[in-house]
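# Summary of the model geometry
Listed below are the residues making up each chain.
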Amino acid sequence: MKKVVITGMGIVSPVGTGIEHAWKNVLAGKSGVKKIDSFEVSDLASQIAGVPQVGTEPGMFNPDTVVEPREQRKLDKSIIYGIVAADEAIKDAGLDDYEGDKERIGVSVGSGIGGLNTIYDNCIELHTGGPRRVSPFFIPKGIINMTAGNISIRYGFKGPNISVVTACATGAHSIGEAARLIQHGDADIMICGGAEAAVGRIGLAGFSAMRALSTRNDEPEKASRPWDKNRDGFIMAEGAGILVLEEYEHAIKRGAKIYAEVAGYGLSGDAYHITAPAEGGEGGLCAMKAAIKDAGLTPNDVDYINAHGTSTGLGDIGELMAVKTLFDGMPVSMSSTKSVTGHLLGAAGAVEAIFSTLAIRDGIVPPTINLDDPEDAVGDFDLVPHVAKQRKVDVVISNSFGFGGTNASLVLKKI
């Protein structure tokens, strides 16, 4: 089987645009969760979110440098996020002036919800003004595969073009499926990841109706608190994470920088409930076992787990139980970077795969912030509370689980 490596990365996130800016803030435990001021929230239960900060300063989201303002009007915000993150990843991989066969470069970028706000806005226009008020760009702005489509068109990549839709596991599944396409010889390079822009009145109202979101509106930076007894739900967030995966020999031949190997990929279904995880985290456990087996490793080889860790009661404990079952007594560290970023839904798995890769590069694991009063079930398990931790990081598992009981685990390995 062909070896697959990561040769480029790009990110748009609540803690920064650009991988070095975002990583610096994650390691510092600097929360990107803020009170929403871009639309009316006074009648919503949850009034906080993690949204990329717009501006021209380094680390801020400035789409005008990548996408013409006139073109932006034709694109959902999730697509713009994806294009900006892809632009960074492609340049990082040295592919911006690539003269090789572009039929061997594909795109695998998905979204959990896609153009939710585009759909909402056009529904309002239809209801208040009739059919003539609906934008001619409504459909191509709203459908989920258009982030992959626009990246392909923009850069001329004519290889496999797919979009995974698996709720909050989308980003991880997109990476895993891209790796398999390379392993099976369908492409030499894949641009992959997830993009999401669902922070809006309809998204917040929907998740609030499920009582899934935190209502710690007066303390937004303390609201995302995985495994803490005082957590009260997750924080919606948006952005994009894009990785460039490449067949190892192809990367070596063109002298590419190599971050890490995508060594294993596991996926499973809970077959249990539409939103709640299976008791004891059985589905996540199956995905992790499959990923480790696919990598040809054992649990003893794993140094760090980037948890799904959303800050919900059932989800946090289920994942913890699964990890404790698999890594019984082993010196593994686990943290949730969602404590800093909030939950980027379909983009989360890709953003967290980037953080996992950087943990390997730098030999440091990011913290779980706001872990002031851990659940009793945590015991002495290392959840890296409050402060980043220097340690050996040769093998990482990155977990992503989604509604419908869909689970994905990636094993990333030092080269």
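Reference entry: report on the structure contained in this document. (Residues numbered from 1 in each chain as written. Predicted model: local features only at pLDDT ≥ 70, side-chain atom pairs only at ≥ 80, totals over all residues. Heavy atoms only, no water.)

## Let's talk about the overall build of the protein
Applied cut-off: Only DSSP runs of H or I with at least four residues qualify as helices, and only runs of E with at least two residues qualify as strands; both kinds are numbered from the N terminus onward. It is over C-alpha atoms that the radius of gyration is taken, and the globule rule equals 2.2 Å times the number of residues to the power 0.38. With a 1.4 Å probe rolled over the protein chains alone, any residue whose accessible area is under 20% of its type maximum counts as buried; one over 50% counts as exposed, and the rest are partly exposed. Only heavy atoms matter for contacts: two residues are in contact if any of them lie within 4.5 Å across the pair. Accessibility throughout is a Shrake-Rupley quantity obtained with a 1.4 Å probe, and a residue counts as covered only by protein chains that appear here. The charge count includes Lys and Arg as positive and Asp and Glu as negative, but it does not include His or the ends of the chains. Where a charge lies is defined by one atom per residue type, namely NZ (Lys), CZ (Arg), CG (Asp) and CD (Glu).
Counting its secondary structure elements, the protein contains 13 helices and 15 strands. In terms of C-alpha radius of gyration, the protein reaches 20 Å, essentially the compact-globule figure of 22 Å for 415 residues. Across its three principal directions, the C-alpha atoms of the protein cover 65 × 55 × 40 Å. The buried share of the protein, taken over its 415 residues, is 60%. Within the protein, residue pairs in contact and separated by at least 24 positions form 79% of the contacts whose partners lie at least 6 positions apart. Carbon and sulfur atoms make up 51% of the accessible area of the protein, which amounts to about 16400 Å² in all. Computed over 39 positive and 51 negative side-chain charges, the inter-centroid distance for the protein is 2 Å.

## Quick look at the nonpolar core
Here is the rule: Throughout this description, the term nonpolar core refers to a set of buried Ala, Val, Leu, Ile, Met, Phe, Trp, Tyr and Cys residues connected via side-chain atoms within 4.5 Å.
Grouped together as the largest cluster of nonpolar side chains are 48 residues, with contacts concentrated most on Ile 6, Met 9, Ile 175, Leu 243, Leu 245 and Phe 355. For this core, the leading source of residues is helix H13 (residues 348–362), giving nine residues. One finds Phe 61, Ile 80, Ala 85 and Phe 157 within the second-largest nonpolar core, a separate group that totals 31 residues.

## Things to note about the pairing of strand S5 (residues 105–110)
Threshold: A pair of strands is considered paired only if DSSP assigns at least 2 bridges between the two.
Of all six residues that make up S5, six are buried, and the element is covered over most of its length. Going residue by residue along S5, you find Ile 105, Val 107 and Val 109 tucked away on one face and Gly 106, Ser 108 and Gly 110 tucked away on the opposite face as well. Examined bridge by bridge, S5 and strand S7 (residues 189–196) share six bridges and lie parallel to one another. Its bridge partner being in S7, Val 109 is matched across the sheet by Gly 193. Where S5 and strand S6 (residues 161–162) come together, two bridges link them in parallel fashion. Bridge pairing links Val 107 to Asn 161 in S6.

## Observations concerning the side chain of Ser 398
Within the secondary structure layout, Ser 398 lies in strand S14 (residues 395–402). On the accessibility criterion, Ser 398 (1% relative accessible area) is buried.

## Digging into helix H4 (residues 116–129)
Rule in force here: To estimate how far a helix should extend, the number of its residues minus one is multiplied by 1.5 Å.
With 14 residues, H4 should reach 20 Å at 1.5 Å per residue; the first-to-last C-alpha distance of 20 Å fits that figure. Those residues of H4 that are buried lie in contact with helix H5 (138–142) and helix H8 (201–209). Where H4 terminates, the next one or two residues include Gly 130, which has phi positive at roughly 90 degrees.

## Points about the pattern of salt bridges
Condition: Take a side-chain nitrogen of Lys or Arg and a carboxyl oxygen of Asp or Glu: if they are within 4 Å of each other, that pair is a salt bridge.
Applying the stated criterion to the full structure yields 22 salt bridges. Notably, a salt bridge pairs Asp 303 with Arg 391, separated by 3.6 Å at the nearest N-O pair. Here Asp 303 is found in the loop between helix H10 (282–295) and strand S10 (304–306), whereas its partner Arg 391 is found in the loop between strand S13 (389–390) and S14, with 88 residues between them in sequence. On the basis of relative accessible area, Asp 303 is assigned to the buried category, the value being 4%. In this structure, Asp 394 engages Lys 392 in a salt bridge whose closest nitrogen and oxygen atoms are separated by 3.7 Å. Each of Asp 303, Arg 391, Lys 392 and Asp 394 takes part in one network of salt bridges that share partners.

## What to know about helix H11 (residues 313–326)
Along its 14 residues, H11 runs 20 Å from first to last C-alpha, staying within 8% of the 20 Å computed at 1.5 Å per residue. Every buried residue of H11 is accounted for by Asp 316, Gly 318, Glu 319, Leu 320, Ala 322, Val 323 and Leu 326. The secondary structure elements touched by the buried residues of H11 are H10, S10, strand S11 (333–335) and S14.

## Some remarks on unusual backbone geometry
With a phi angle near 50 degrees, Val 384 is a residue other than glycine that sits in the positive phi range. Relative to the helices and strands, Val 384 is located in the loop between strand S12 (364–365) and S13.

## A few points about the packing of aromatic side chains
The line we're drawing: What counts as a ring pair is set by centres within 6.5 Å for rings of Phe, Tyr and Trp (its six-membered ring), and what kind of pair is set by the plane angle: stacked under 30 degrees, edge-to-face over 60, tilted for all other angles. In this analysis the charged atom, NZ for Lys or CZ for Arg, is taken to sit over a ring once it is within 6 Å of the ring centre and within 35 degrees of the ring normal.
All told, the structure shown has five aromatic pairs when counted by the stated rule. With 5.7 Å between their ring centres and 20 degrees between their planes, Tyr 155 and Phe 157 make a pair best called stacked. Both rings, one in Phe 207 and one in Phe 403, keep their centres 6.4 Å apart while their planes meet at 50 degrees; by these two values the pair is tilted. With a gap of 196 residues between them, Phe 207 in helix H8 and Phe 403 in the loop between S14 and strand S15 (406–413) connect regions that are remote in the sequence. Owing to a relative accessible area of 12%, Phe 207 belongs among the buried residues under this scheme. Every member of this aromatic cluster is reached through a ring pair, and the members are Phe 207, Phe 234 and Phe 403. Between the NZ or CZ atom of Lys 3 and the centre of the ring of Tyr 248, over which it lies, the distance is 4.6 Å.

## Topic: the packing of helix H3 (residues 77–92) against helix H6 (residues 146–155)
For any two helices packed against each other, the geometry is given by the interaxial angle and the distance between the axes. To keep it simple, the criterion reads: Here, axes are lines fitted to C-alpha atoms. For helices the fit covers the stretch in contact, and angles between N-to-C directions go from 0 to 180 degrees. Every angle not falling under 35 degrees, over 145, or within 65 to 115 is termed oblique; those three ranges are roughly parallel, roughly antiparallel and roughly perpendicular. Each helix crossing is assigned a hand: it is left-handed if the near helix lies turned anticlockwise from the far helix by less than a right angle, otherwise right-handed if that turn is clockwise. Amino acids outside the nonpolar list (Ala, Val, Leu, Ile, Met, Phe, Trp, Tyr, Cys, Pro) and the charged list (Asp, Glu, Lys, Arg) are all regarded as polar, and Gly is one of them.
Closest axis-to-axis distance for the H3/H6 pair is 9 Å, and the angle between their directions is 45 degrees. The angle between the axes of H3 and H6 places the two elements in the oblique class. The handedness of the crossing between H3 and H6 is right-handed. Across the interface between the two elements, Ser 78, Ile 79, Gly 82, Ile 83, Ala 86, Asp 87 and Ile 90 of H3 pack against Met 146, Thr 147, Asn 150, Ile 151, Arg 154 and Tyr 155 of H6. The residue makeup of the contact of H3 with H6, split by class, is seven nonpolar, four polar and two charged.

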